[in-house]
Structure formats: structure tokens, C-alpha cells
Amino acid sequence: MKLPQLPPEPMRREDEPGYEKEIWHPQWQCFCCQDTGKVQPHLARLVISGYDYDRDRLPVCQAPGCSAGSNYLHLEDEIDMRLTSAICQELDRIERENWRQTTLNKVALIQERIKQTAVAKSLRQRDRTHDEEIMAAERHQVALAEADKAIVANCGEEV
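Summary of the structure given here. Since the model is a prediction, treat every value here as computed from it, not as a measurement.

Quick look at the overall build of the chain now. Helix and strand counts for the chain come out as three helices and two strands. In the chain, the succession of α and β elements from N to C terminus is α-β-β-α-α. Counting across all 159 residues of the chain, residues that qualify as buried make up 23%. In the chain, the proportion of contacts linking residues at least 24 apart, taken out of those at least 6 apart, comes to 52%. Total accessible area on the chain is roughly 12400 Å²; 53% of this is exposed by carbon and sulfur atoms.

In this section: the packing of aromatic side chains. Following the criterion strictly, the structure yields two aromatic pairs and no others. Ring centres of Trp28 and Trp99 lie 6.0 Å apart, and the angle between their planes is 75 degrees; on these two criteria the pair is classed as edge-to-face. Highlighted residues: Trp28 in the segment before α1 (41-47) and Trp99 in helix α2 (residues 85-124), separated in sequence by 71 residues. Both residues of the pair, Trp28 and Trp99, count as buried.

Within the structure shown, the criterion is met by five salt bridges. As a salt-bridge pair, Arg82 and Asp80 come within 2.8 Å of each other at their nearest N and O atoms. Looking at Arg82, the relative accessible area reads 58%, which means it is exposed. Judged by relative accessible area, which is 8%, Asp80 ranks as buried. One salt bridge in this structure joins Asp92 and Arg96, with 2.6 Å as the shortest N-O distance.

In this structure, Cys30, Cys32, Val39, Cys61, Cys66 and Cys88 are the most contacted members of the largest nonpolar core, which totals 16 residues. Looking at this core, the elements with two or more residues in it are α1 and α2. When neighbours within four sequence positions are excluded, Cys61 is seen to be in contact with Cys30, Cys32, Cys33, Gly37, Val39, Cys66, Gly69 and Cys88.

Another point: the environment of Glu76. Within the secondary structure, Glu76 sits in the loop between β1 (58-59) and β2 (79-80). We classify Glu76 as exposed; its relative accessible area is 61%. The sequence separation of Glu76 and Arg57 amounts to 19 residues, and the corresponding C-alpha distance is 9.8 Å.

Let's shift gears to unusual backbone geometry. At Gln34, a residue that is not glycine, the phi angle is positive and equals roughly 55 degrees. Along the chain, Gln34 falls in the segment before α1. A relative accessible area of 23% means that Gln34 is categorised as partly exposed. With a phi angle near 65 degrees, Asp35 is a residue other than glycine that sits in the positive phi range. Within the fold, Asp35 resides in the segment before α1.

Inspection of the secondary structure puts Asp80 in strand β2. When neighbours within four sequence positions are excluded, Asp80 is seen to be in contact with Ile48, Arg57, Leu58, Pro59 and Val60.

Definitions and cut-offs
Chains are numbered independently. Their residues run from 1 in the order of the written sequence. Since the coordinates come from a predicted model, pLDDT governs what is reported: local features require at least 70, and pairs of side-chain atoms require 80 or more to be given and counted, while whole-chain, interface and lining totals use all residues. Side-chain descriptors were evaluated using all non-hydrogen atoms of the structure, hydrogens and water having been removed beforehand. Helix numbering and strand numbering both begin at the N terminus, where a helix is a DSSP run of H or I of at least 4 residues and a strand a DSSP run of E of at least 2. Buried, partly exposed and exposed residues are distinguished by accessible area as a fraction of the type maximum, computed with a 1.4 Å probe on protein chains only: under 20%, between the cut-offs, and over 50%, respectively. Pairs of residues are marked as contacts when any of their non-hydrogen atoms sit within 4.5 Å. Here the accessible surface of atoms and residues is derived via Shrake-Rupley with a 1.4 Å probe, and residues count as covered only by protein chains that are part of the display. Pairs were defined over the aromatic rings of Phe, Tyr and Trp, the Trp ring being its six-membered one, requiring ring centres within 6.5 Å. Orientation was assigned from the angle between planes: stacked under 30 degrees, edge-to-face over 60, tilted for the rest. Counted as salt bridges are all cases of a side-chain nitrogen of Lys or Arg within 4 Å of a carboxyl oxygen of Asp or Glu. Throughout this description, the term nonpolar core refers to a set of buried Ala, Val, Leu, Ile, Met, Phe, Trp, Tyr and Cys residues connected via side-chain atoms within 4.5 Å.

Encoded structure:
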């Protein structure tokens, strides 16, 4: 018996041909602990000099509106409760700004790649007629307006 030949089925959508990648943004509410209740190690190092995640007590998030830290209160000897609500709130603000900057940088990189591709393609094209030039300019303006809307949507307060 001859076995049938099946096409591969990628596990991740981004591996599929034609997949348009989007800029990922986190869904967690608290950027200090990423909704885990444990302050992220890189943020803890901003407050605790020489913090070592593998050695030191776990700093518990006490950001206003974040209750995930309460999941660790039973571990009295393993947790660090010194990071106050105000400290966690500032760490949250810092990390939100980091994410916003990361997103803006990613958008700028994408726009630069688009620009480079457009320049490369324009060098290969024939000269346009006057009417074609007008239509191309109109389409370009529409595309720029849509890109601006996408940037505003991706870089809003939730990022």
C-alpha cells in the first residue's frame, strides 16, 4: 500500500504562509507583576540592590488594584513585603512606559522596512503617466492615514 502524502500543518499561525504579524501587547492588568503576584525580577532590581531571584525572598506585588500578591501571603518566610503600594505603583508605571517605547520602536522599524521596500520597488518600476501618478498619490495618502490610525490604536493607554 502506498501511503498518502499530507501537507504539513504548522503549530503556530505565524509560521503559515501569508500570515501578517501584529505587534504583540500584553493582556495583563498589572505591569509590576504581570498578574503573577511576584514583582518581576528586573523591576525588583530597581529597588533592591543586588536582587537575585534564585537566592532572595520573592518581592510581593502590592500595587493598587492588584490582588495577585495575596496568593503568596501563606509563604511568610519566603516573601518580601517591603515593596509598598507606592513603590509597586511606580514600578508599574515604569514598565508600562517600557512597553509603550518598545511598541513605538517596533512600529518605527516596520515603517522603515516598508519605506525601504517601497523605494526598492519604485526603482524597478516604469515611469507612470500623469493620471497614474495622481491615483498613486491618493492611495499613498489613504495608506498613511490608515497606518496612523493603527499606530494610535496600538500605542494607546492599554499598552
